[in-house]
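Understanding the architecture of this molecule
Now for the letters of each chain:
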Amino acid sequence: MIGFFFVYHSPHSLFICIFAAYNFTLCFNAMMEHSSKLMNRAADNIRVLVASMVEKAKSGHPGGAMGGADFINVLYSEFLTFDPKDPTWECRDRFFLDPGHMSPMLYSILMLCERFTMEDLKQFRQWDSVTPGHPERNVERGIENTSGPLGQGHVYAVGAAIAAKALYARTGNPGFKREKIYAYISDGGIQEEVSQGAGRMAGHLGLDNLIMFYDANDIQLSTPTADVTSEDTALKYKAWNWNVLEIDGNNPEQIRKALKAANEETARPTLIIGHTIMGKGARKADGESFERDCGTHGAPLGGNAYIETIKNLGADPEDPFHIFPEVAEMYKARLSELTQEVEKIRQAEKKWAQENPEKSQLLSDWFNQKLPEIPWDKLEQKPNKATRDGSKAVLALLSEYVPNMIVSSADLCNSDKTDGFLAHTTPISRTNFAGGFLQAGVSELSMACVCIGMMLHGGIISAMGTFFVFSDYMKPAVRMAALMETPVKFVWTHDAFRVGEDGPTHEPVEQEAQIRLMEKLKNHSGKDSVRVFRPCNNQAATQCWRLAMENVETPTALIFSRQAIKDLPEGVDYIGVEKGAYEVVKEEYPDVILLASGSEVSTLVDTLPLLQEKNIKARVISCPSEGLFRRQSAEYQEKLLPADAKIFALTAGLPATFEGLVGRNGYIYGLDHFGYSAPYQVLDDKLGFTPQQVADKIIDFVK
Ligand SMILES: Cc1ncc(C[n+]2csc(CCOP(=O)(O)OP(=O)(O)O)c2C)c(N)n1
Ligand SMILES: [Mg+2]
């Protein structure tokens, strides 16, 4: 038996952690365990690679990554179950990195696992390399998520853990029961507010398949953590119903023991607080310690400090991009052990598939993003309703036909009408992962990240709702979904100042212009990074939802009205939504083209009799998606909205919403202030949005 004390000195308190004595040899089980000497050598190897990548790139973050090397080494060499021959295996364990600045640590371990080459590591942060400064999702290479904005990465893990449980509940495939979701968080992520939503949800749902390591090195970018926080993080997570373990995060035996305990937990997510040493092994030019120093957070160690560090870690500064032979052997053995272990798991899955051919086929469709047949024609939309009601009707239909869909709302489901999805589903709970509705609580950003995480896992389609004005709370996640090309669906209702009595805090004005900027921003595949729709009535809403479901390439935003919308003339072909913009009222030789999206289209239609009185002929265009419209042929665009035509656009948002569409002779009437509190009909009148007021503006414009 080896007994030992670990004395940990935190800047705000001194406490002694007494770790239970245990006999290391008794810990051996079927899994290959390595001696601490070998594990320390492997972790040092990772530290050498980390420091060298940053040194060669002349930029990057060595300190945190060097401290986290021990954990990542134990995780990948003894715990993380993946198929060395098939990186996309559906039931693999997932690893989600939160602090993307620790990317060299991830690239190094994935190099040891043969997903990257040494040459890739040498190209760290260079143009066109597979090792960008912060990791970008690349499942083939073992990178499950893009990370960089602190906080979001670990919340995707919460979503993935829900997805694994949901898939198990829906299919019974034993692989999803075995699967673990690992997350790695640092001081920054712990401090980011989004961790509150993630911690609450994961604990509340009892996600025992989620294991998170907290790299508590007490240092952050510009100060020691003690300068900004005195919270008891362990207590905080305990209060959220987490299983909390506290260890020396640089000690492989303690890491192994904690990971084992976490794997055995059956009711709660586990947080392993690992007290680590920032820049472990780092030396200054004079050979003195460079550990626990903010200076190693975000800059190369530099010159002689780098050389001293490499020597201290037992490597050759002349040949730092090198794998120690015993470490190479250890990982070679691990990969072959994994191949055998995974083969056994996959055999069990195969047996399950043979016994459950229909479910197995479903699962394959879900992971291939293949939609089931949805009887869109069956859907009858009632006239003169708010588009949020139309969305509700669509969601009710989807709840019947799309079993792998999960819809969430940030405590607004009966107002944003996502509760339509409860028509044929039940709420997800600790005891019901077969449910299809996730009540996220009031936590828009956490909800967005969780929904993204479900889709990053694969096999699940997720959608989420809140008021459009609160999309501001979600923007960081919208950006990440856009960058990762994750096809989540954002449902944003209460789309304009016609929210009325709730006043300016609840009236979206600039939000549409903001989200439409994302239509203009291309993702790395050259596609509009977000598809945005704002339908003019409920027949159009059905089409927008259909296109959102069919869009498996980018996120889709669906913007719906709170108030009822007067129905449009008979005979409009709403299939035109597919082209992004289409005619609602045809006029071959118009004096003016009237353009809008959402409920303003109906306002424009209401001006037509008033314009006729003045002999003004008008065409009315609904443009639910500028991005999609700009993807159409030049002929179609020019035919619908000729560049030289007189185009009058109406928007309840900022005029900038239509700047790209009205051409050189156009005019946009919109809102240039926050709005006011009053019944919406009063606001229409006070703000100049009644048909008569709009008609007057059009007449003036045509003159
Ligand atoms: C949302 C967000 N805010 C700020 C930053 C800039 N930033 C990068 S790392 C960091 C703090 C790092 O502290 P910690 O997470 O403890 O990492 P360590 O210094 O230990 O490597 C900050 C503020 C960021 N990446 N994301
Ligand atoms: Mg830190």
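The rules behind the values
- Residues numbered from 1 in each chain as written.
- Chains lettered and ligands numbered in written order.
- Predicted model: local features only at pLDDT ≥ 70, side-chain atom pairs only at ≥ 80, totals over all residues.
- Helix = DSSP H or I, 4+ residues; strand = E, 2+ residues; numbered from the N terminus.
- Rg over C-alpha atoms; globule rule 2.2 N^0.38 Å.
- Buried ≥ 20, exposed ≤ 12 C-beta atoms within 10 Å, placed from the backbone.
- Contact = placed C-beta atoms within 7 Å.
- Expected span 1.5 Å × (residues − 1).
- Arc of directions from axis to C-beta.
- Pairing = 2+ DSSP bridges.
- Axes fitted to C-alpha atoms, helices over the stretch in contact; angles between N-to-C directions.
- Near = placed C-beta within 6 Å.
- Nonpolar A, V, L, I, M, F, W, Y, C, P; charged D, E, K, R; others polar.
- pLDDT = per-residue confidence, 0-100.
- UniProt positions renumbered as here; feature names shortened; annotations may be inferred.
- Domains from an automatic or database assignment.
- Parallel < 35°, antiparallel > 145°, perpendicular 65-115°, else oblique.
- Left-handed = near helix turned anticlockwise from the far one by under 90°.

Let's talk about the overall build of the protein
Regarding its fold elements, the protein presents 23 helices and 18 strands. A compact globule built from 703 residues would reach a C-alpha radius of gyration of about 27 Å, and the protein, at 28 Å, matches this within 12%. Expressed as lengths along the three principal axes of its C-alpha atoms, the size of the protein is roughly 95 × 60 × 45 Å. Buried positions account for 53% of the 703 residues belonging to the protein. The contacts in the protein between residues at least 6 apart in sequence include a share of 76% that link residues at least 24 apart.

A few points about helix H23 (residues 691-702)
Relative to the 16 Å expected for 12 residues at 1.5 Å per residue, H23 spans 16 Å between its end C-alpha atoms, a close match to the ideal helical length. Those residues of H23 lying buried are Val-694, Ala-695 and Ile-698. Buried residues of H23, seen end-on, are gathered within an arc of 100° and therefore sit on one face of the element. Turned more than 90 degrees away from the buried face of H23 sit Gln-692 and Asp-700, all of them exposed. Lining the buried residues of H23 we find strand S15 (592-596), helix H19 (600-613) and strand S17 (647-650).

A short note on the sheet that holds strand S6 (residues 243-248)
Read across the sheet, five strands follow the order S3-S4-S5-S7-S6 without closing on themselves; strand pairing throughout is parallel. This sheet does not close on itself; its edge strands, each paired only once, are strand S3 (94-97) and S6. Recorded for the sheet is a direction-independent mean angle of 20° between the axes of neighbouring strands. Of the strand pairs in this sheet, S6 and strand S7 (residues 270-275) are connected by six bridges, and their pairing is parallel.

So, the pairing of S17
Both faces of S17 are covered, namely the face carrying Ile-647 and Ala-649 and the face carrying Phe-648 and Leu-650. In the sheet, S17 pairs with strand S18 (residues 667-669) via three bridges, with the strands oriented parallel. Along S18, the bridge assignment pairs Phe-648 with Tyr-667.

Re the site of ligand 1
Near ligand 1, the surroundings consist of 18 residues, among which Gly-64, Ser-186, Asp-187, Gly-188 and Gln-220 are the closest. For the shell around ligand 1, a count of residues per class yields six nonpolar, 11 polar and one charged.

Some remarks on the confidence of the model for the protein
For the protein, mean pLDDT is 95; residues scoring 70 or higher make up 96% of the total. The lowest-confidence element of the protein is strand S2 (residues 13-22), averaging 33 in pLDDT; the highest-confidence one is strand S5 (residues 210-216), averaging 99. Across residues 1-30 the pLDDT falls below 50, and counting only partners more than four positions away or on other chains, this stretch makes 30 contacts in the model.

Description of the UniProt feature "domain: Transketolase-like pyrimidine-binding" (unreviewed entry) in the protein
UniProt records the feature "domain: Transketolase-like pyrimidine-binding" (unreviewed entry) for residues 385-567 in the present numbering. Summarising residues 385-567: 34% helix, 15% strand, and an end-to-end C-alpha distance of 8 Å.

Observations concerning the domain arrangement of the protein
With domains assigned, the protein is organised as domain 1 (32-339), domain 2 (376-559) and domain 3 (580-702). The distance between the C-alpha centroids of domain 2 and domain 3 comes to 25 Å. Between domain 2 and domain 3, the residue contacts involve 26 residues of the former and 26 residues of the latter. The set of elements that each furnish at least two residues to the side of domain 2 that touches domain 3 consists of helix H17 (511-520), strand S12 (531-533) and helix H18 (538-550). At four residues, the largest contribution of residues to the side of domain 2 that touches domain 3 is made by H17. By residue class, the composition of the side of domain 2 that touches domain 3 is 12 nonpolar, two polar and 12 charged.

Examining the packing of helix H1 (residues 36-57) against helix H3 (residues 103-112)
Running from N to C, H1 and H3 cross one another at 125°; their axes reach a closest spacing of 9 Å. Looking at the two axes, H1 sits oblique to H3. For the crossing formed where H1 meets H3, the hand is right-handed. When H1 is examined against H3, the residues Ile-46, Leu-49, Val-50, Met-53 and Val-54 are found in contact with a partner set consisting of Pro-104, Met-105, Ser-108 and Ile-109. Of the residues belonging to the contact of H1 with H3, the class tally is eight nonpolar, one polar and no charged.

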